[in-house]
Amino acid sequence: MAKPKGGGAAAPTPAAPPPTKRLPAGAKATAGLCVFIAAMGVVAQQAYDIRMYAIRDYGYVIHEFDPWFNYRATEYLAANGWHAFFHWFDYMSWYPLGRPVGTTIYPGMQITAVAIWRALGKLGSAISLNDVCCLVPAWFGVSASILVGLFAAECSGRKSAGAFAALIMAIVPAHIMRSVAGGFDNESVATTALVATFYCWVRALRDRPTARDGEATADSYAFGVLCGLAYVYMVSAWGGYVFVVNMIGAHAAALAAGGRYSSKLHRAYSLFYVIGTAGATRVPPVGLAPLRSLEQMLPLLVFLGVQLLEAVEVERRKKRLTPAQVWKRRGGGGGP
């Protein structure tokens, strides 16, 4: 202790401040998750409440032309079954020519509504098919908002960003106009399927510290399969599926071109493309378009490309190739 000038008594040393108490990492993560879940609950409530204004004002009424046809098709499916629905020629549509409904309709929304209606009936609910069709857009508007939150949180790594994105999706007019209760149209269901496909895709590519040397992860298998199934549902619900498959194909190609190829990317994209394409070809208006249409050639070429890249990747691990040797083989060259 230094003596003060003038020979006086030494000044007392100030006490050290008490150590700051911090939450353990696990408790902090749990608290953040609880806040995120609570935020999603608020988003769901607001999304549903906003979309129910038409029901509160006018009752359970289907509005607009296309929703009325969709409801009529749903009634036919519920009354006559799967086989009759896909062989139905409707003389009351496209008058006087009529319409072969089974080969010109994306049936995902009708199948969804009938499945929900029958499931609720088995649970003891007396809700009518009309009421289910009125509520489907609002229900799927809520699910789309929550999925956008999960998608944003996965991409950014921040739950706060996910909560904010979900809130925006819940109240943005462009989404509300396609998912308001009573607006029984394809986009109301397809938006949920679209976002679910994108979420499963990025979730399949999540990094895992346990995965070494570019190996595939369990997520790339599980969410690759789910991504393919979500895409099949998207195809069955709306013709905008072409946008989805091209976006995922372009993203996979960009990752490979940017030097971020791994077996994880190969598994996720291969499972998505094989399951998705196999399911898409079973939707009557689509058929073999994924293999014939020029606008869907990019995803097909990317699928073939990742198979070649994976073959080189397997050889790299076996022979411990240098980066230069890997790029030479990717370019079609051989050598030691």
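Above: the structure in question.
Each value, and the rule that gives it
- Numbering of residues starts from 1 in each chain and follows the order in which that chain's sequence is written.
- With the structure being a predicted model, the display of local features is reserved for residues of pLDDT at least 70 and the display and counting of side-chain atom pairs for 80 or more, all residues being used for whole-chain, interface and lining totals.
- Side-chain figures throughout are based on the complete set of non-hydrogen atoms in the structure, without hydrogens or water.
- Strands are runs of DSSP state E lasting at least 2 residues, helices are runs of H or I lasting at least 4, and numbering of each runs from the N terminus.
- Buried, partly exposed and exposed residues are distinguished by accessible area as a fraction of the type maximum, computed with a 1.4 Å probe on protein chains only: under 20%, between the cut-offs, and over 50%, respectively.
- Between two residues, a contact is recorded if the distance between any of their heavy atoms is within 4.5 Å.
- Here the open area of atoms and residues is found with the Shrake-Rupley method and a 1.4 Å probe, where only the protein chains shown may cover a residue.
- By definition here, a salt bridge exists when the distance from a side-chain nitrogen of Lys or Arg to a carboxyl oxygen of Asp or Glu is within 4 Å.
- Residues grouped as a nonpolar core are buried Ala, Val, Leu, Ile, Met, Phe, Trp, Tyr and Cys residues, joined through side-chain atoms within 4.5 Å.
- In protein, a polar contact means a hydrogen-donor-capable atom and an acceptor-capable atom, both N or O and within 3.5 Å, with residues adjacent in sequence counting only if both atoms are side-chain atoms; elsewhere, any N or O pair within 3.5 Å suffices.
- Like charges are joined within 9 Å and nonpolar side chains (Val, Leu, Ile, Met, Phe, Trp, Tyr) within 5 Å, but only among residues with over 30% relative accessible area and no salt bridge; these make up the patches.

Visitor: Could you give an account of the overall build of the chain, naming the residues involved and the relevant values?
Guide: In terms of helices and strands, the chain carries 16 helices and two strands. By the burial criterion, 44% of the 336 residues in the chain qualify as buried. Put simply, 70% of the contacts in the chain that link residues at least 6 apart link residues at least 24 apart. Split by element, the accessible area of the chain, about 18,200 Å² in all, is 66% carbon and sulfur.

Visitor: Requested: an account of the pattern of salt bridges, with residues and values cited.
Guide: Per the stated rule, a full pass over the model turns up nine salt bridges. Among the ionic pairs, aspartate 219 bridges to arginine 203, the shortest N-O distance being 2.9 Å. Of this pair, aspartate 219 sits in helix H11 (residues 218–237) while arginine 203 sits in helix H10 (residues 186–204); the two residues are 16 residues apart in sequence, bridging distant segments of the chain. Classification of aspartate 219 as buried rests on a relative accessible area of 10%. Owing to a relative accessible area of 10%, arginine 203 belongs among the buried residues under this scheme. One salt bridge in this structure joins glutamate 310 and arginine 267, with 3.1 Å as the shortest N-O distance.

Visitor: Outline the nonpolar core, supporting the account with residue identities and numerical values.
Guide: Core analysis: the biggest nonpolar cluster contains 73 residues, and Phe184, Trp201, Tyr231, Ile248, Tyr269 and Phe272 have the highest contact counts within it. Counting residues per element, this core draws most heavily on H10, which supplies 12 residues. In contact with tyrosine 231, not counting residues within four places along its chain, are Thr197, Tyr241, Val244, Val245, Phe272, Gly276, Thr277, Ala280 and Gln296. If you look at the next biggest cluster of nonpolar residues, it comprises 10 residues, including Val43, Val142, Ala153 and Ala166.

Visitor: Lay out the side chain of asparagine 130 with the relevant residues and their values.
Guide: As for its placement among the helices and strands, asparagine 130 is situated in helix H7 (residues 129–156). Within the structure, the side chain of asparagine 130 is placed 3.3 Å from the side chain of aspartate 131, a separation counted as a polar contact. Discounting chain neighbours no more than four positions away, the residues touching asparagine 130 are Tyr60, Ile62 and Tyr71.

Visitor: Report on a nonpolar patch on the surface, specifying residues and quantitative values.
Guide: Side chains of Phe164, Leu167, Ile168 and Ile171 sit close together on the surface and give an oily, nonpolar patch of about 350 Å² of accessible area. Relative to the assigned elements, isoleucine 171 resides in helix H8 (residues 159–171).

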